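A closer look at the structure
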Amino acid sequence: MTPLLADVGYAEPWWVQLIKSVVLFAIAVQIVPIVLLAERKLLGRFQHRYGPNRVGPFGAAQPLADIIKLATKEDFRPSTSIGFLYALAPVISLITALAAFAILPFGDVANIFGQDVGLYGIDVGIGVLYVFAFGAIAFYGLMLGGWASGSKYSFLGAMRAAAQLISYEVAMGLSLVGVLMTAGTLSLPAIVEAQSGMWYVVPQFVGFLIFLVAGFAETNRAPFDLPEADAELVAGYNTEYGGAKFASYFFAEYVNILVVSGIAVTMFLGGWQLPFIDPPGWVDPFVVFGKIFAFVFLFVWIRATLPRLRYDQLMSFGWKVLLPLATLNALVTAIIVVAVG
Amino acid sequence: MTGRWDPGEDAIVVQRAPQAGGAGGAYRTFGETLRGLKTTMARMVEGPKTISYPEEKVPVYPRFRGRHRLHRFEDTGLEKCVGCSLCAAACPADCIRVVAAENTPEHRISAGERYAAVYEINLARCIFCGYCEVACPFDAITMGHDYEMSDYNRSDLIFTKEMLLEEPLERTPLRNEGE
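The structure presented is a predicted model; accordingly, all values stated were derived computationally and were not measured.

Attention shifts here to the overall build of chain A. A count of helical and extended segments in chain A gives 11 helices and 4 strands. Since a compact globule built from 341 residues should have a radius of gyration of about 20 Å, the 20 Å found for chain A is in line with a globular shape. With the principal axes as the frame, chain A shows a C-alpha extent of 60 × 50 × 50 Å. Counting only residues that meet the buried cut, chain A has 51% of its 341 residues in that class. Considering only residue pairs separated by 6 or more positions, chain A has 78% of its internal contacts joining residues 24 or more positions apart.

See the structure below:
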């Protein structure tokens, strides 16, 4: 098959691709409520509370109740909003988040019912760039949403989101350059394979930290949740959204958390690989999800700990600390790679 | 005006926060962040402090001033209240209404000469000050331990004599002083 846009490392027949995309979508849809519940429960525990524990056993049906509540709400829009863009913006956020989720490798090529299936959406040669491309399009979801709402708070939130995401995207990309140079490939499964000797978190520790910090900023999570700053902006770009549209934004936000966690796991923590033991292929997705949930825990832990940054601190930290550090990291890695290899 | 004003001995040295930036700043940022993470994790390990209210209740002290109760003599079963209206007079919120009537030998309600034919407390007005309890010469009215009295309309909050004489449906957990 001649690749239309990029080299494809491994591809199955079209019908397997179709089934895989549906399964991946289903997984994303199923995982998000779990993450949502885990976050609220954990946040509660961090604050000496129980968290939601009324709906269902141990509050397990709380996300379901939330979704039903949001989905059955009146579909409204402010009279000042721009109708088409107002409806389109959450969809952009949702699609880009899910598209980025599709490329996360959950395991090696496995034999399922006599058919070789790669446990990832698709193994494209541009792997990381694909993620960043969709991350960049995701800005439009936030910005259009904030702008099309026709509200000052939404607009302020969208402006903040734009400035923050652009600032941190640079550092985030540069922090991965070290990994990419060491691995010598952009394909995510190949990067995981390259970590069979040692996870990249060890040689690329600085890059890992930069990626983590930038990842928090990219997902608008505390302490970088300025676009949503509920105290000052009454939820920022999604102030005017309600019902199913708000649910889409919310859903996209949590898928983004999963994507950033998944990229961190793939790039730095050896993806589906475990140290010292080599489990059979079907364990791989569970290993990846275990690692992703460790990151989700970290996200919640940080949220429970750190207060929100001031806006100028956010900007100066991104441009004056993270960006030089990431550049330096890439430079040093390049020198070492050339000197050793 | 010559030169700057010298505060002299009265000057108080203000402890300022360390300046941001530099290696010290980076160290402090990381150190303090880790300290904060440790603090929150310790809170998590401690476990929830929540008391799940409708299921779990905080016991009240014996002197807790909850909903009023009227009492009977345990041996004869006669009401202690003699309808003197001292509680109504003492009530600063004016929420007690007493209408007294004469006891007769064949229709004896209370131990005294008269009894309370009507005894109503409007709990919507009551401020739970306990003055009625203090004013009562026969200990006929006391402040109980019930505090769950919310209702859907105001008229349901007017408690009659029969309601006040009844044992409460659910007993509020009690604890002793010092527990």
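Our next topic: the overall build of chain B. The helix and strand inventory of chain B stands at 4 helices and 5 strands. Sequence-ordered secondary structure for chain B, helices as α and strands as β, is α-β-α-β-β-α-β-β-α. In summary, chain B has a C-alpha radius of gyration of 30 Å against a globular reference of 16 Å for 179 residues, an excess of more than 25%. Over its C-alpha atoms, taken along the principal directions, chain B stretches across nearly 95 × 55 × 35 Å. Looking at the 179 residues of chain B, the share that counts as buried comes to 28%. Taking as baseline every contact in chain B between residues at least 6 positions apart, the subset at least 24 positions apart corresponds to 73%. Only carbon and sulfur atoms are counted for the fraction: they give 54% of the accessible area of chain B, which is about 12800 Å². One finds the centroid of the 22 positive side-chain charges in chain B at a distance of 7 Å from the centroid of its 27 negative side-chain charges.

Residues and elements named next belong to chain A. Summed over the entire model, instances satisfying the criterion amount to 3 cavities of 30 Å³ or more. When its volume is computed, the largest cavity comes out at roughly 350 Å³. At the level of secondary structure, the elements contributing two or more residues to the lining of the largest cavity comprise α3 (83–101), α4 (127–148), α5 (152–183), α7 (205–218) and α9 (243–268). Split by residue class, the lining of the largest cavity holds 17 nonpolar, 6 polar and 3 charged. One number sums up the size of the second largest cavity: a volume of about 80 Å³.

On to unusual backbone geometry, then. Residue and element names in this part refer to chain B. One non-glycine residue, Ser85, lies in the positive phi region at around 70 degrees. Within the secondary structure, Ser85 sits in the loop between β1 (68–70) and α2 (86–90). Judged by its relative accessible area of 27%, Ser85 is partly exposed. Residues other than glycine seldom take positive phi values, yet Asp94 does so here, at roughly 55 degrees. On the basis of relative accessible area, Asp94 is assigned to the exposed category, the value being 54%.

Moving on, we come to the packing of helix α1 (residues 14–46) of chain A against helix α2 (residues 62–71) of chain A. Residues and elements named next belong to chain A. In contact at an axis separation of 9 Å, α1 and α2 are set at 115 degrees when each is read in the N-to-C sense. On the basis of their axis angle, the class for α1 and α2 is roughly perpendicular. Our pair here, α1 against α2, has a crossing hand that is right-handed. Every residue of α2 that contacts α1 at Pro33, Leu36, Leu37 and Arg40 is listed here: Gln62, Pro63, Asp66 and Ile67. The residue makeup of the contact of α1 with α2, split by class, is 5 nonpolar, 1 polar and 2 charged.

As a further point, take the interface of chain B and chain A. Across the boundary between the two partners, chain B contributes 15 residues, which contact 14 residues of chain A. For chain B, the biggest contributors to the area lost against chain A are B:Leu37, B:Met44 and B:Pro48; these three give 38% of the whole. For A:Arg54, the salt bridge is made with B:Glu55, and the minimal N-O distance between the two is 3.2 Å. Remark: the boundary between chain B and chain A carries 8 residue pairs in polar contact (both at pLDDT 80 or more). Here the residues of the side of chain B that touches chain A are counted per class, giving 5 nonpolar, 6 polar and 4 charged.

Right, let's get into the sheet that holds strand β2 (residues 96–102) of chain B. Ordered by their spatial adjacency, 3 strands build an open sheet running β2-β3-β5 (chain B), and the pairing between neighbours is antiparallel. The open sheet has two edge strands with one neighbour each: β2 and β5 (158–159) of chain B.

What follows is about the layout of surface pockets. Residues and elements named next belong to chain A. In this structure, the second largest pocket spans a volume of roughly 1000 Å³. In this structure, the second largest pocket is lined by 39 residues; those nearest its centre are Leu36, Phe246, Phe250, Glu253 and Tyr254. Breaking the lining of the second largest pocket down by element, the ones donating at least two residues are α1, α2 and α9. Ranked by the residues each element gives to the lining of the second largest pocket, the list is headed by α1, at 9 residues.

Time to look at the nonpolar core. Ranked by internal contacts, the top residues of the largest apolar core, which has 72 residues, are A:Phe101, A:Ile263, A:Met267 and A:Phe268. Setting aside residues up to four positions removed in sequence, A:Met267 forms contacts with A:Val128, A:Leu176, A:Val179, A:Leu180, A:Leu188, A:Ile191, A:Gln195 and A:Tyr200.

Another aspect to go through is the confidence of the model for chain B. Residues and elements named next belong to chain B. For chain B, the mean per-residue pLDDT works out to 84, and 94% of the residues sit at or above 70. Per-element averaging of pLDDT across chain B places helix α1 (residues 22–46) at the bottom with 82 and helix α3 (residues 131–135) at the top with 92. Interface scoring of the predicted complex returns ipTM 0.71; its pTM is 0.77.

A grouping of A:Leu328, A:Leu331, A:Val332, A:Ile335, A:Ile336 and A:Val340 is seen on the molecular surface, where their side chains present a nonpolar patch of about 600 Å² in accessible area. By the element assignment, A:Ile336 lies in helix α11 (residues 311–340).

Position of A:Thr305 among the secondary structure elements: in helix α10 (residues 284–305). In this structure the side chain of A:Thr305 is engaged in a polar contact, spanning 2.7 Å, whose partner is the backbone oxygen of A:Trp301. Residues in contact with A:Thr305, not counting those within four places in the same chain, are B:Gly36, B:Leu37 and B:Thr40.

We now examine the pattern of salt bridges. Residues and elements named next belong to chain B. One pass over the structure, following the stated rule, counts 13 salt bridges over all chains. The shortest N-O distance in the salt bridge between Lys57 and Glu148 comes to 3.3 Å. Here Lys57 is found in the loop between α1 and β1, whereas its partner Glu148 is found in the loop between β4 (141–143) and β5, with 91 residues between them in sequence. Among the salt bridges present, the one from Glu120 reaches Arg97, with a minimum N-O distance of 3.3 Å. Remark: Arg97 occurs in strand β2 and Glu120 occurs in strand β3 (residues 114–122); sequence separation between them is 23 residues. A relative accessible area of 23% means that Glu120 is categorised as partly exposed.

Residue and element names in this part refer to chain A. Helix length check: α4 (22 residues) gives 32 Å between terminal C-alpha atoms against 32 Å at 1.5 Å per residue, within 8%. Buried within α4 we find Gly127, Val128, Val131, Phe132, Ala138, Phe139, Gly141, Leu142, Leu144, Gly145, Gly146 and Ala148. Elements in contact with the buried residues of α4: α3, β4 (123–124), α5, α6 (188–194), α7 and α9. One or two residues past the end of α4 sits Gly150, with phi positive at roughly 70 degrees.

Rules used throughout
Residues numbered from 1 in each chain as written. Chains lettered and ligands numbered in written order. Predicted model: local features only at pLDDT ≥ 70, side-chain atom pairs only at ≥ 80, totals over all residues. Heavy atoms only, no water. Helix = DSSP H or I, 4+ residues; strand = E, 2+ residues; numbered from the N terminus. Rg over C-alpha atoms; globule rule 2.2 N^0.38 Å. Buried < 20%, exposed > 50% of the residue type's maximum accessible area, 1.4 Å probe, protein only. Contact = heavy atoms within 4.5 Å. Areas by Shrake-Rupley, 256 points an atom, 1.4 Å probe, with all protein chains shown as cover. Lys, Arg positive; Asp, Glu negative; His and termini not counted. Charge placed at Lys NZ, Arg CZ, Asp CG, Glu CD. 1 Å grid on protein atoms, 1.4 Å probe; cavity = no way out; pocket = protein on both sides within 12 Å on 5 of 7 lines; lining within 4 Å. Points joined across faces, edges and corners; volume = space filled by probe spheres on them. Nonpolar A, V, L, I, M, F, W, Y, C, P; charged D, E, K, R; others polar. Axes fitted to C-alpha atoms, helices over the stretch in contact; angles between N-to-C directions. Parallel < 35°, antiparallel > 145°, perpendicular 65-115°, else oblique. Left-handed = near helix turned anticlockwise from the far one by under 90°. Buried area = accessible area lost by both parts, 1.4 Å probe. Salt bridge = Lys/Arg side-chain N within 4 Å of Asp/Glu carboxyl O. Polar contact = N/O pair within 3.5 Å; in protein donor to acceptor, adjacent residues only side chain to side chain. Pairing = 2+ DSSP bridges. Core = buried A, V, L, I, M, F, W, Y, C linked by side-chain atoms within 4.5 Å. pLDDT = per-residue confidence, 0-100. Patch = residues over 30% accessible without salt bridge, like charges linked within 9 Å, V, L, I, M, F, W, Y side chains within 5 Å. Expected span 1.5 Å × (residues − 1).

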